[in-house]
Amino acid sequence: MHKRQFLKSAIGLATAAALGVSAGSAMAQESHKYILSTATTGGTYYPVGVALSTLIKVKLEPKTGISVSAISSAGSGENLKLMDEDQAQFGILQGLYGAYAWKGTGPVPKAYKNLRSVSMLWQNVEHFVVKDDMVDSGTIDDMTNLYGEPFSIGARNSGTEGSGRYILGQLGIDPEKMDIAYLGYGPSADALQNGTIKGMNIPAGAPAAAVTRAYANVGDDITTLAFTDEQLKKVNSEFELWTPYDIPAGTYPNQDEVIHTIAQPNILAVRADVPADDVYAITKTMYENLPFLQNIHPATKAMAIEKAIAGLPMPLHPGAARYFKEQGIKIPDRLIAE
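Residues numbered from 1 in each chain as written. Predicted model: local features only at pLDDT ≥ 70, side-chain atom pairs only at ≥ 80, totals over all residues. Heavy atoms only, no water.

### A look at the sheet that holds strand β7 (residues 179-181)
For clarity, the cut-off: By the convention used here, strands pair only if DSSP detects at least 2 bridges between them. The numbering of helices and of strands both runs from the N terminus, where a helix is a DSSP run of H or I of at least 4 residues and a strand a run of E of at least 2. Axis definition: a line fit to C-alpha positions, over the contact stretch in the case of helices; interaxial angles, taken between N-to-C directions, run 0 to 180 degrees. By the convention used here, residues are in contact when the closest approach between their heavy atoms is within 4.5 Å.
Taken in spatial order, the five strands line up as β7-β6-β8-β5-β9 in an open sheet, and their pairing is mixed. Because the sheet does not close on itself, it has two edges, and the strands there are β7 and β9 (222-224). Across this sheet, the average inter-strand angle for adjacent strands is 20°, counted without regard to direction. The pairing of strand β5 (residues 128-131) with β9 spans three bridges and is classified as antiparallel. Directly across from Val130, in β9, lies its bridge partner Thr223. With respect to the sheet, helix α8 (residues 185-194) is in contact with β5, β6 (150-152), β8 (199-201) and β9, its orientation differing from that of β8 by roughly 165°. Of the strands in this sheet, β8 and β9 touch helix α9 (residues 209-218), which is tilted by about 145° from β9.

In structure tokens:
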């Protein structure tokens, strides 16, 4: 069985087992039962997705029948495909992949005009973690020291791989000169600890579980590379997505100093054909129960209604727009769906 066929079958079986329905949009809309695709389990997307699905199950399903089941995936790139094929109706995306998807540029083969934004969630913090013997300046320029060395750029076809290649490319650093490994977050941390790779790319809300594991085990032998203002300017030369982000000392075990890195927004996206009333209810429930989410994962502590539409790369779903307007948020023309 081909990988694609296997994935379709696996998701179909999981959906049927969990929900008793197919993943088709007509069935989903009729039953108000949806699939949310996230990423690998070692990052931030998956636990936040599970938290969202749990919140919706507790608060919405008993009264409205609306439910969302979170599934793991390879990340943003795979999530776009799953939503386009209607195997998932919701997905968490990196801001970069949302911009790619809406314009049909970069590694995304077409414009996904059937997708809409629901909300900015939290910032995806860039962690380029390398062994200390690869470090000279302590900034992202040190990635050239990994030429010829094993480096995990993320799972194939993932947002992790895509954003890693994009950031390095904007800085004139060629990943193809490295011995690239395509590992998920947890396996990357294990490989770094075992010495089979010299560095890993972990974009995730801080603290990221895989980075915590690496620092706990080999914290005296690794460095998370910093970004200067000039390097950030180069990264943002095409899309104005990333902002400076300081990881406070003590965020990770054995991390005694602030890490000056960068971050981009993560967004919750949805298929345009999901009913407006359902998206409205989900958006409202999410923002009226932020303490619940914040108790599940620290990354969501950055979520706030005031920042809900910041950095969104595609128009809002009418259901989400309705809720934000009720909260007094002015929706710019570029985020209003036709």
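### Regarding the pairing of strand β4 (residues 115-125)
Put simply, the rule is: Residue exposure (1.4 Å probe, protein chains only): buried if accessible area is under 20% of the type maximum, exposed if over 50%, otherwise partly exposed.
Counting buried residues along β4, 10 of its 11 residues qualify, which places the element largely inside the surrounding structure. Across eight bridges, β4 lies against strand β11 (residues 259-271) in antiparallel orientation. Within β11, the position partnered with Met120 by the bridge is Ile267.

### Overview of the packing of α8 against α9
Condition: Oblique is the label for every angle not falling under 35 degrees (roughly parallel), over 145 degrees (roughly antiparallel), or within 65 to 115 degrees (roughly perpendicular). Each crossing is labelled by how the near helix is turned from the far one, with a counterclockwise turn of less than a right angle marking it left-handed and a clockwise turn marking it right-handed. Gly counts as polar in this scheme, as do all residues outside two lists: the nonpolar Ala, Val, Leu, Ile, Met, Phe, Trp, Tyr, Cys and Pro, and the charged Asp, Glu, Lys and Arg.
One way to put it is that α8 packs onto α9 with a least axis distance of 8 Å and a crossing angle of 15°. Taken together, α8 and α9 sit at an angle that is classed as roughly parallel. In this structure, α8 crosses over α9, and the sense of that crossing is right-handed. Along its contact with α8, which presents Tyr185, Gly186, Ala189, Asp190, Leu192 and Gln193, the element α9 presents Ala210, Arg213, Ala214, Asn217 and Val218. Of the residues in the contact of α8 with α9, the class split is six nonpolar, three polar and two charged.

### Concerning unusual backbone geometry
Omega for the peptide link from Ala206 to Pro207 comes to 5°, which places this bond in the cis form. One non-glycine residue, His32, lies in the positive phi region at around 65°. With respect to the helices, strands and loops of the structure, His32 is situated in the loop between α2 (25-31) and β1 (33-37). If you check the backbone angles, Asn254 has positive phi at about 65° while not being a glycine. Counting through the fold element by element, Asn254 comes out in the loop between β10 (243-247) and β11. Assessed through its relative accessible area of 42%, Asn254 is described here as partly exposed.

### Some remarks on the confidence of the model for the protein
Counted only if it meets this: Here pLDDT means the predictor's own confidence in every residue, given as a number from 0 to 100.
Summary statistics for the protein give a mean pLDDT of 90 and a share of 91% for residues scoring 70 or more. Below a pLDDT of 50 lies the segment residues 1-24, which in the model reaches 34 contacts outside its immediate sequence neighbourhood of four places, other chains included.

### Re the packing of aromatic side chains
Two descriptors summarise a pair of aromatic rings, namely the distance from one centre to the other and the angle between the planes of the rings. Note the threshold: Two aromatic rings, drawn from Phe, Tyr or Trp (for Trp, its six-membered ring), form a pair once their centres lie within 6.5 Å of each other, and the interplanar angle then sorts them: stacked below 30 degrees, edge-to-face above 60, tilted otherwise. Put simply, a charge is over a ring when the Lys NZ or the Arg CZ is close to the ring centre, within 6 Å, and near the line of the ring normal, within 35 degrees.
For the structure on display, the rule yields 13 aromatic pairs. Here Tyr100 and Phe239 contribute two aromatic rings whose centre-to-centre distance is 5.9 Å and whose plane-to-plane angle is 80°, an arrangement assigned as edge-to-face. With Tyr100 in helix α6 (residues 95-103) and Phe239 in the loop between α10 (229-235) and β10, this residue pair connects regions lying 139 residues apart in the sequence. Summarising the burial analysis for this pair, Tyr100 and Phe239 share the class buried. Pairing Tyr280 with Tyr323 gives two aromatic rings, centres 6.1 Å apart and planes at 70°, and the pair type is edge-to-face. You can see Tyr280 sitting in helix α11 (residues 276-288) and its partner Tyr323 sitting in helix α13 (residues 318-326), a full 43 residues away along the chain. Given the relative accessible area of 15%, Tyr280 is considered buried. Chaining the aromatic ring pairs together yields one cluster made of Tyr97, Tyr100, Tyr166, Phe239 and Trp242. Against the face of Trp102 rests Lys113, its NZ or CZ located 3.8 Å from the ring centre.

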